[in-house]
Amino acid sequence: MHSRKSILWMFLAAALLALPSSAMAQKVEGHVGKLNGHVDAGKQLYFRYCWGCHGFRGDGNGENAPYLNILPRNFVSATFKCRSTPTGTLPTDEDVFNAITRGFYTTYMPSWTALTHQQRADLVVFIKTLSTRWTKEKAGEPVKVPAEPALTTDGIKRGKELFAKLECWKCHGQEGRGDGPSAATLTDSNDQPIRPYNFAAGTRFKCGETNQDLYKIFMTGLDGTPMPSYGEQIKPEEAWDLVHYLRTLQVTHNSAELALWQGTKEGAEIVKAAKITGTPTGSGIKQ
Amino acid sequence: MKGKALTVLLAATVVLFVAGREPARGRPSANDGPAPGTAVVKGIAKFEGSRPAPTHINMNADPSCAKLHPGGLVSEDVLASPEGGLQNVVVFVSEGLGDRTFDPPPQPVTMEQKGCVYAPHIVSLRANQELDIVNNDATTHNIHPAPSNNREWNKAQAPGTRVDATFAREEIAIPLKCNIHPWMRSYIAVFKHPFFAVTDKAGNFELKNLPPGDYTIEAWHEKLGKSIQKISVSAGGTKELEFVFKSTAGH
Amino acid sequence: MLQEVLKLKKHRVAAAAFIAVYGWLFLSIAVPSASALPIPKGNVHAIPAFARKYGMPCSSCHEAWPKLSPFGQQFKDNGYQMGNEKDAPIYQNPSYWPVSFRITPHWHRESVDHADITNPLPTGATTEGRLTTHGFDVGGLDILTAGTLAKNISFLLVPAAENDGSFHFEAANVRFSNLLGSSWLNIKAGKFELDNIISEKRILGLSNNGGFYQMYHFQPVGEDTAMFTFGLGDNQFGAELSGHSKNDYTRFSAALLSSNDGTENLPNGHGYDTFVTLSQAFEAGSLGLQRVGAFAYVGRAPTYTVGGELGTDGLGQKSFYRAGFNGLWYIKKFDVMTQYLHGLDNALLGTATPSYNPLPAGAHSPTWNAGLIEPHYNLNPQFILIGRYELIRMSRQALDTNAGNLGDIDAGTVGFRYYPFISSRAGFAFHNEFSVVRQRGVSTSGRDLTSSSVFLGLDFIF
């Protein structure tokens, strides 16, 4: 008798308990293109693939976190580097999806293309349940990326001037080697030392490989890192000039920009000087 | 029996959970009418013990900053007057206001970057009150707050331009830094009520217009930690307080 | 080899005792039992050194170790690289050493019906009977070392010890990955596992009967397995060209192999085999990633050998092939591996006739068809239920005088693996399995030979 009654109570309590959580789950949705992410499926995937680094609670404190020199993303604070949205805002679902798909070069986050698109969308939704920010705030409005203007030598030169004027070199160095005067002091939001991107090493950008991705990096900033947003400081056409110039700093990465730049007398000298110095990994040294 | 206790616990959790989700709405705003009260809490923050040796800031990384400080510059971490008054202590009501809510004032608070230093060193303002950040330097800065209860963002700021910002939630205090100039560090104290002050050069502070009641007054210093006092004020009354910060050993 | 009588009936007591020891184990399935050729089970690959290197839980690369997940397959195909430029040894802590050990202490019970008993019994009236053995045991030891030597140069070395301590190299190869910057161009040379999507080295069975795929080792009755041994699941010597799309959905491989089934020192003198595979994965909504593939192995094997102290050469080489297709099907937590295989051995191989002798009258090249269906239910990364059914049906016997079903096999396995914890440092599993095999007409008196295995193991790797 007694036990049956308490079982009934248990059921009631369980049902009540289930209500708010399902209401919470309904609040967080994720859509990537036509895909609709499912929280439960995402949860299973998370606890198969992700928790080792990102932790059981998603706070970036997985059992492996102490051994990583670039800390795993903390999904509870929900600050994301690679966004299409302005600094300080939440990324779009596509941004998170793309980050999972792409992985982060030079960190321990691999590319997850082995998961299906649906599975990655499921993970996006689950990640959004790990922070209350996703229920309180909306994702930012993606910054508009106007069509890329034609590549010209003048554009590259204007970009070079901007690089000096905006003082990108303070961190990234005059030749983009990540060795500017402030470089050694930089820390990320976890107070971990962080190095500015070394263009000369030619590794792929963390937030995507295209010129559009590069455009977004300095128009949105990499939140959680010292890289600020220049969205309120430069005009779109200036941003494109800067993109074209930055490509020429990647002296070990073949691009149309580098080819055009090397075709000029000024550019050829600069690139040649940069190449002889080599890169930290020693790749692409051509004497 | 055990089962029953567990169910009660579960049910209680549910009730709490649901109650906790109730949004705070429809409460009267104390800003609608005149000042919320007439009591005053004032006093002084003091520093005791051996003073830390002044830390000289090395600005060599950016000559444009260094040339504005021909005599060099020392850190603003601990600033105490010869009489022992401690500057840059944030004194505020941390408990006792109950459910009262206060709308932020429309006028913005300004912070200036000049000579690659933040002025004031401690910014205090209200949640959702506008903060105007001005760059009067010849160099680009970046404004990078590192909050724990607000959004983190990071904006570049070219010379002569302005960055406007607001912080939605109370937080004491948000570290603010410029990554380009690593010595630039300041704090932004964000309050959901108007009862806060930052001590002046002599270490004095004053909190005005408090409604009568029992309060916890907290004093916070970026390096020396915090101190708490519980007080009770009546309408029109004045309470004098003294907060003493001791030198942290080894400095 | 097996002779005389010994009738030992149903020894279940020890099994029950062991179940009690574990407290939570229960495994009982009433199915007839039978036994095929006693083939040594393969050493299995799951490498916690990788988990330690990357800090990922076993479950990232393994649906249930040692079985790979698509992510693990991609990692392997990419030359043990995550592709985020952190793989090369220079990025590792110098104290990191890519070595793992795996061994499986276990209790097992083997039972064979119509077994040929070697030692005469005083009361012996018949020569066949049930042979049952059981007790505590240990599997072979695998020392798994694998990793990258430099960016895009990876290696795998598996020195393996049998449970009697004898030692051999299960695998030893070097792989040059992403040649010319293309994931379609990878070359591997040494001793390696064939590119089987349904990998016998990653089989979720450990018992004497269930620890290998019947179809990978089947040879028709009447062949001389001393002269011609072939196992599609065995590691072999050779060189392999392989490639895959960036997301690993499309994969291919083509290997040139020494025709000696992975035995060292060229026991067959000369001769080469080829093996090619092709597979394609596709997404099916919320069901998961599906994969279909095809494979073909074309080989030649000697019918006699000549030589002595100066070396041995295999002559009279005759051909054989194995070809088929397979699929990995996912329905959320449930998945099925399926495989079809068609095999043919040259009549001389099928009848163990040296090529200088005439074929026996009525000899044919034996052919057969084999099928596999292996469902899994992956409740979560810590628990997997395993089932398997395999059948092999002769479609043409080597000799007209053979019964049509001589050598046909039915094999079934059920089991589960429970991983009490999942970490990025070590792996541990309770492995419990029951497996039965029946092969037609191969007992001494021409009756069906059936055998069963019960396996209760502690599978650990670190």
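Residues numbered from 1 in each chain as written. Chains lettered and ligands numbered in written order. Predicted model: local features only at pLDDT ≥ 70, side-chain atom pairs only at ≥ 80, totals over all residues.

*Asks:* Kindly report on the interface of chain C and chain A, identifying the contributing residues and their values.
*Replies:* Listed by partner, the interface residues are 26 residues for chain C and 30 residues for chain A. Secondary-structure elements contributing two or more residues to the side of chain C that touches chain A are α3 (58–61) and α4 (70–77) of chain C. When residues of the side of chain C that touches chain A are assigned to their parent elements, the largest contribution, 3 residues, is made by α4(C). Class assignment for the residues of the side of chain C that touches chain A results in 8 nonpolar, 13 polar and 5 charged. (Contact = placed C-beta atoms within 7 Å. Helix = DSSP H or I, 4+ residues; strand = E, 2+ residues; numbered from the N terminus. Nonpolar A, V, L, I, M, F, W, Y, C, P; charged D, E, K, R; others polar.)

*Asks:* Tell me about the domain arrangement of chain B, residues and numbers included.
*Replies:* Residue and element names in this part refer to chain B. Each assigned domain of chain B is listed here: domain 1 (38–50 + 77–99 + 193–251) and domain 2 (103–192). A separation of 23 Å is found between the C-alpha centroids of domain 1 and domain 2. Domain 1 puts 9 residues into the contact, and the matching count from domain 2 is 10 residues. Of the residues belonging to the side of domain 1 that touches domain 2, the class tally is 6 nonpolar, 2 polar and 1 charged. (Domains from an automatic or database assignment.)

*Asks:* Residues and numbers for the pairing of strand β18 (residues 367–380) of chain C, please.
*Replies:* Residues and elements named next belong to chain C. The pairing of strand β17 (residues 334–345) with β18 spans 11 bridges and is antiparallel. Bridge assignment links Met337 to a residue of β18, and that residue is Glu374. Relative to strand β19 (residues 383–396), β18 runs antiparallel, the two being bridged by 11 bridges. Bridge pairing in β19 places Thr367 opposite Arg396. (Pairing = 2+ DSSP bridges.)

*Asks:* Tell me about the sheet that holds strand β6 (residues 131–135) of chain B, residues and numbers included.
*Replies:* Residue and element names in this part refer to chain B. Sheet architecture is open: 4 strands sit in the order β4-β3-β6-β9, paired in mixed fashion. Lying at the two open borders of the sheet, with one neighbouring strand each, are β4 (117–119) and β9 (162–165). Averaged over all adjacent pairs, the angle separating strand axes in this sheet is 20°, with direction ignored. Pairing geometry for strand β3 (residues 109–114) and β6, over 5 bridges, is parallel. Residue pairing for β6: Gln113 is matched across the bridge by Asn135. (Axes fitted to C-alpha atoms, helices over the stretch in contact; angles between N-to-C directions.)

*Asks:* Tell me about the environment of B:Leu176, residues and numbers included.
*Replies:* Residues and elements named next belong to chain B. Turning to its location among the elements, Leu176 is positioned in strand β10 (residues 171–177). Classification of Leu176 as buried rests on a count of 22 C-beta atoms within 10 Å. Through-space distance from the C-alpha of Leu176 to that of Pro145 is 4.2 Å; in sequence the pair is 31 residues apart. Beyond its immediate sequence surroundings of up to four residues, Leu176 is in contact with Pro145, Ser186, Tyr187 and Ile188. (Buried ≥ 20, exposed ≤ 12 C-beta atoms within 10 Å, placed from the backbone.)

*Asks:* Provide a residue-level description of the sheet that holds strand β13 (residues 204–210) of chain B, including the pertinent values.
*Replies:* Residues and elements named next belong to chain B. Pairing in this open sheet of 3 strands is mixed, and the strands run β13-β1-β16 from one edge to the other. Edge positions in the open sheet fall to β13 and β16 (238–246), since each of these has one partner strand only. The sheet shows a mean angle of 20° between the axes of neighbouring strands, direction not considered. In terms of strand pairing, strand β1 (residues 39–48) meets β16 through 9 bridges, oriented parallel. If you follow Lys42 over to β16, its bridge partner there is Glu240.

*Asks:* Before we move on, could you go through helix α2 (residues 39–54) of chain A and cite the residues and values that matter?
*Replies:* Residues and elements named next belong to chain A. With 16 residues, α2 extends only 17 Å from end C-alpha to end C-alpha; this falls clearly short of the ideal 22 Å at 1.5 Å per step. Of all the bends in α2, the greatest, near 55°, is centred on Arg48. Taken together, the buried positions of α2 are occupied by Val39, Ala41, Gly42, Gln44, Tyr46, Arg48, Tyr49, Cys50, Trp51, Gly52, Cys53 and His54. Backbone geometry just downstream of α2 places Gly55 in the positive-phi region, at approximately 90°. (Expected span 1.5 Å × (residues − 1). Bend = angle between axes of the 7 residues up to and from the residue.)

*Asks:* Give me the environment of A:Gln262: which residues, what numbers.
*Replies:* If you trace the backbone, A:Gln262 turns up in helix α10 (residues 256–263). Those residues within four positions of A:Gln262 in sequence are excluded, and the remaining contacts are A:Gly267, A:Ala268 and A:Val271.

*Asks:* Outline the packing of helix α9 (residues 236–249) of chain A against α10(A), listing residues and values.
*Replies:* Residues and elements named next belong to chain A. α10 packs onto α9 with a crossing angle of 80° between their chain directions and a minimal axis gap of 8 Å. In terms of orientation, α9 lies roughly perpendicular with respect to α10. Contact with α9, carried on its side by His244, Arg247 and Thr248, involves Glu257, Leu258 and Trp261 of α10 and no other residues of that element. Looking at side-chain class alone, the contact of α9 with α10 contains 2 nonpolar, 2 polar and 2 charged residues. (Parallel < 35°, antiparallel > 145°, perpendicular 65-115°, else oblique.)

*Asks:* Let's hear about the nonpolar core: which residues, and what values?
*Replies:* One finds A:Val124 and C:Met215 to be the most contacted residues of the largest nonpolar core, which totals 115 residues. Each of domain 1 (28–136) and domain 2 (153–277) of chain A contributes no fewer than three residues to this core. (Core = buried A, V, L, I, M, F, W, Y, C linked by C-beta atoms within 7 Å.)

*Asks:* Can you tell me about the domain arrangement of chain A, naming the residues and giving the values?
*Replies:* Residues and elements named next belong to chain A. One can read the domain layout of chain A as domain 1 (28–136) and domain 2 (153–277). Centre-to-centre separation of domain 1 and domain 2, based on C-alpha positions: 27 Å. In this assembly, 15 residues from domain 1 lie in contact with 17 residues from domain 2. Looking at the side of domain 1 that touches domain 2 residue by residue, the class counts come to 6 nonpolar, 6 polar and 3 charged.

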